[in-house]
Amino acid sequence: LSGVMADKDYTDMVATLAPVACRAFTLTPDNPRSLPATEFADVFARAGIPATGYATVEEAVRAAVAYATETGTPLFSLGSLYMYGEIRRSIERL
């Protein structure tokens, strides 16, 4: 579960995650500098990681938690500090 600012080096982050990540759920943090979720998902996909960009934080959280629960896979949230409060609230609503 991840979202980043467009002006950061997110391609290196994805390259670092590629050997260990099995799936990515991307979102757009609530900030005008954010990289759109679908563009970030494309970066993961080019690195060989299946990824989906979500329109809202809540949709991304719901999908990521469902996947982690169904597969027994650990779920990590990485990226912009701008998104952590939104992610926490979305998890609490689940």
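Here the structure is shown first, and the text comes after it.
In this report, the structure presented in the accompanying data block is examined. What you see is a predicted model; the values in this text were computed from it and never measured.

Calculation notes
- Residues numbered from 1 in each chain as written.
- Predicted model: local features only at pLDDT ≥ 70, side-chain atom pairs only at ≥ 80, totals over all residues.
- Heavy atoms only, no water.
- Helix = DSSP H or I, 4+ residues; strand = E, 2+ residues; numbered from the N terminus.
- Buried < 20%, exposed > 50% of the residue type's maximum accessible area, 1.4 Å probe, protein only.
- Salt bridge = Lys/Arg side-chain N within 4 Å of Asp/Glu carboxyl O.
- Arc of directions from axis to C-beta.
- Contact = heavy atoms within 4.5 Å.

Okay, the side chain of Ser90 next. Its location among the elements puts Ser90 in helix H4 (residues 84-93). For Ser90, a relative accessible area of 2% gives the class buried.

Further remarks concern the pattern of salt bridges. If you walk through the whole model with that rule in mind, you get 4 salt bridges. Glu58 is paired through a salt bridge with Arg62; the nearest N and O atoms lie 3.8 Å apart. Of this pair, Glu58 and Arg62 are both found in helix H3 (residues 57-71), 4 residues apart, which corresponds to roughly one turn of the helix. A residue is classified by how much of its surface remains accessible, and Glu58, at 29% relative accessible area, is partly exposed.

Those residues of helix H2 (residues 37-46) not exposed but buried are Ala37, Phe40, Ala41, Val43 and Phe44. Seen end-on, H2 carries its buried residues on one side only, within an arc spanning 155°. Contact partners of the buried residues in H2: strand S1 (2-3), helix H1 (10-17), strand S2 (24-26) and strand S3 (51-53). At the exit of H2 stands Gly48, carrying a positive phi of roughly 90°.

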